[in-house]
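Chain residues, written in single-letter form:
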Amino acid sequence: MPSHQPVAGEQAVNPDYLSSQPSAMAKPQEPNRTKGYDPKKPHITDQPITRKNWYKHVNWLNCAFIVGMPLFGCIAAFWVPLQRKTAIWAVLYYFATGLGITAGYHRLWAHTSYSATLPLKIFLAGVGGGAVEGSIRWWARDHRAHHRYTDTEKDPYSVRKGLLYSHIGWMVMKQNPKRIGRTDISDLNDDQVVVWQHRHYLKVVLFTGLILPTLVAGLGWGDWVGGYIYAGILRIFFVQQATFCVNSLAHWLGEQPFDDRNSPRDHVVTALVTLGEGYHNFHHEFPSDYRNAIEWFQYDPTKWCIWAWKQLGLAYDLKQFRSNEIEKGRVQQMQKKLDQKRARLDWGVPLDQLPVLEWDDYVEQANNGRGLIAVAGVVHDVADFIKDHPGGKAMIRSGIGKDATAMFNGGVYNHSNAAHNLLSTMRVGVIRGGCEVEIWKRAQRENKDVHYIKDEAGNRIVRAGNQVTRIQHPPETAGAA
Ligand SMILES: [Zn+2]
Ligand SMILES: [Zn+2]
């Protein structure tokens, strides 16, 4: 056994490693921490929300940033006319600050899906701050917890607590810092740009969130107030709501082509809203891939930007999973769906649940008027089907009470795959000693290995042409001559 493989009794994870990991708890200077928080005292979230204490559950600072400020912006917009240049600037700056979150906070820092040169890092840390969503360090830690503990209690924005909670509720309401899952952010603590942005977070936010957009519009074309309201406050609101959709909409709307055990989903609408973060099922499966959309026609401007930065020498080491790995995931999920679909269909009574008949018994019952036909040792009751038989009533009647194996398999007519499938739904018994069926049944009784392909739920898979009634080389019969 190779030396790096843990053996029984040895711990797979060194406890020294765990204790060396940074605490999941936010440090006092972190923006999401309430100054008075003491981990020893019971947290407000330990108490149920009542009419008397509800205001204590609300995170008023976050409320001011994500509810109060946009509300003020909307009201102010009634008195501030929107100039065309300001509108264009606000949209451009919306994309820049959105990219700060998607290409910077998310794909560069939270997932290290590529590396960036210092100028690009400074740009992303700056404009990312302008989206007013907390520091890179805080954001990435929560996001790593989200990936590690998706949909569980430890997921900071679990969609299982409701769409609205995953979108905004987790910020508007106080969270118990003890609840959020532990993650390793030692690489971020070693990143000078991250540390700098975290330390000067308030200054960064004020400058790139409000001062810069106001300055550009003011100095550029004299629209100071418009720059402040539209490119500043309202643009922050739109960027926030758009990027929050990654936590809500991307876990709620769309397809799950890679894995459906958790909530992440792929949808073009989410991609359009979130600068390409909409292929979230793919993203949760392959989080360190710099792409979200893997097809050229899917909308992922964040990926296009990272690629363009690479051409300009600003980004490097773009990580990408081999398509072989991606396709394996896709095929397995398709297989799962196929199994579910197959399980809903009627494939006939399983052979091992059918009664065993003596040949003479079968013949006697057929002679007494039952419409029984034996094919490959399996007895089928075709009475209700005689009138519908595409080959005519006479043909099917001629097989009643006989061994119709050869007739059915080419002796008279080589029946189609669909015919074999249909026949299997009519089976009512097996003949003792009849072809391979009886051998198989005996093996079942004796608990021997019977090599039939089964799906995950144990349902037998019958492939086209593999029905038990299909005999490849039927014996010659008089009718075939
Ligand atoms: Zn997610
Ligand atoms: Zn992610």
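- Naming follows an unreviewed UniProt entry, where the chain appears as Acyl-CoA desaturase of Lineolata rhizophorae.

## Some details on the UniProt feature "transmembrane region" (unreviewed entry) in the chain
Consideration 1: Per the UniProt record, "transmembrane region" (unreviewed entry) is annotated on residues 60–80, 86–105 and 204–222.
Consideration 2: Across residues 60–80, the secondary structure splits into 86% helix and 0% strand, with the terminal C-alpha atoms separated by 28 Å.
Consideration 3: Taken end to end, residues 86–105 is 100% helix and 0% strand, and its first and last C-alpha atoms sit 26 Å apart.

## Here we look at the packing of helix α4 (residues 84–110) against helix α10 (residues 201–221)
Consideration 1: For the pair α4 and α10, the least separation of the axes is 11 Å and the interaxial angle reads 150°. Here α4 lies roughly antiparallel to α10, going by the angle between them. Pair α4 / α10 crosses with right-handed handedness. Where α4 abuts α10, its residues Lys-85, Thr-86, Trp-89 and Tyr-93 lie against Pro-213, Val-216, Ala-217 and Trp-221.
Consideration 2: The residue makeup of the contact of α4 with α10, split by class, is six nonpolar, one polar and one charged.

## Some points on helix α6 (residues 136–148)
Consideration 1: Look at α6: 18 Å from first C-alpha to last across 13 residues, which is about the 18 Å you get at 1.5 Å a residue.
Consideration 2: Across the 13 residues of α6, eleven count as buried, placing the element largely inside the fold.
Consideration 3: Taken together, the buried positions of α6 are occupied by Ile-136, Arg-137, Trp-138, Trp-139, Ala-140, Arg-141, Asp-142, His-143, Arg-144, Ala-145 and His-146.
Consideration 4: Buried residues in α6 make contact with α4, α5 (118–129), α8 (186–189) and α9 (192–199).

## Considerations on the confidence of the model for the chain
Consideration 1: For the chain, the average pLDDT comes to 87, and 86% of its residues sit at 70 or higher.
Consideration 2: Every residue in residues 1–12 is under pLDDT 50, and counting partners more than four places away or in other chains gives two contacts.
Consideration 3: Counted against residues more than four places away or in other chains, residues 28–33, with its pLDDT under 50, gives eleven contacts.

## Overview of the sheet that holds strand β3 (residues 356–357)
Consideration 1: In spatial order, the strands read β3-β6-β5-β4; together these four strands make up an open sheet with mixed pairing. Two strands bound the open sheet, and with one partner strand each, they are β3 and β4 (372–375).
Consideration 2: Inspection of the sheet shows β3 paired to strand β6 (residues 427–431) by two bridges, in the parallel sense. Bridging across to β6, Val-356 finds its partner in Val-430.

Quick notes on the rules
- Per chain, residue numbering runs from 1 following the sequence as it is written.
- Chain letters and ligand numbers both follow the written order, the letters beginning at A and the numbers at 1.
- Confidence filtering applies because this is a predicted model: local features only for residues at pLDDT of at least 70, side-chain atom pairs given and counted only at 80 or more, and all residues used for totals across whole chains, interfaces and linings.
- UniProt positions are given in the numbering used here, feature names are shortened, and annotations may be inferred rather than shown by experiment.
- Secondary structure elements are defined from DSSP: runs of H or I of at least 4 residues count as helices, runs of E of at least 2 residues count as strands, and each element is numbered from the N terminus.
- Note on definitions: angles span 0 to 180 degrees between N-to-C directions of axes, and those axes are lines fitted to C-alpha atoms, for helices only across the stretch in contact.
- Geometric relationships in this document are graded by angle, where less than 35 degrees denotes roughly parallel, more than 145 denotes roughly antiparallel, 65 to 115 denotes roughly perpendicular, and other angles denote oblique.
- Crossings are assigned a handedness: left-handed for a near helix turned anticlockwise from the far helix by less than a right angle, right-handed for a clockwise turn.
- Once C-beta atoms are placed from the backbone, any two residues with those atoms within 7 Å are in contact.
- When residues are grouped by polarity, Ala, Val, Leu, Ile, Met, Phe, Trp, Tyr, Cys and Pro land in nonpolar, Asp, Glu, Lys and Arg in charged, and all others, Gly among them, in polar.
- In a helix, the anticipated span is given by 1.5 Å times the number of residues less one.
- With C-beta atoms placed from the backbone, a residue is buried if 20 or more other C-beta atoms are within 10 Å of its own, exposed if 12 or fewer are, and partly exposed between those counts.
- Note on scores: pLDDT gives the predictor's confidence for each residue, bounded by 0 and 100.
- By the convention used here, strands pair only if DSSP detects at least 2 bridges between them.

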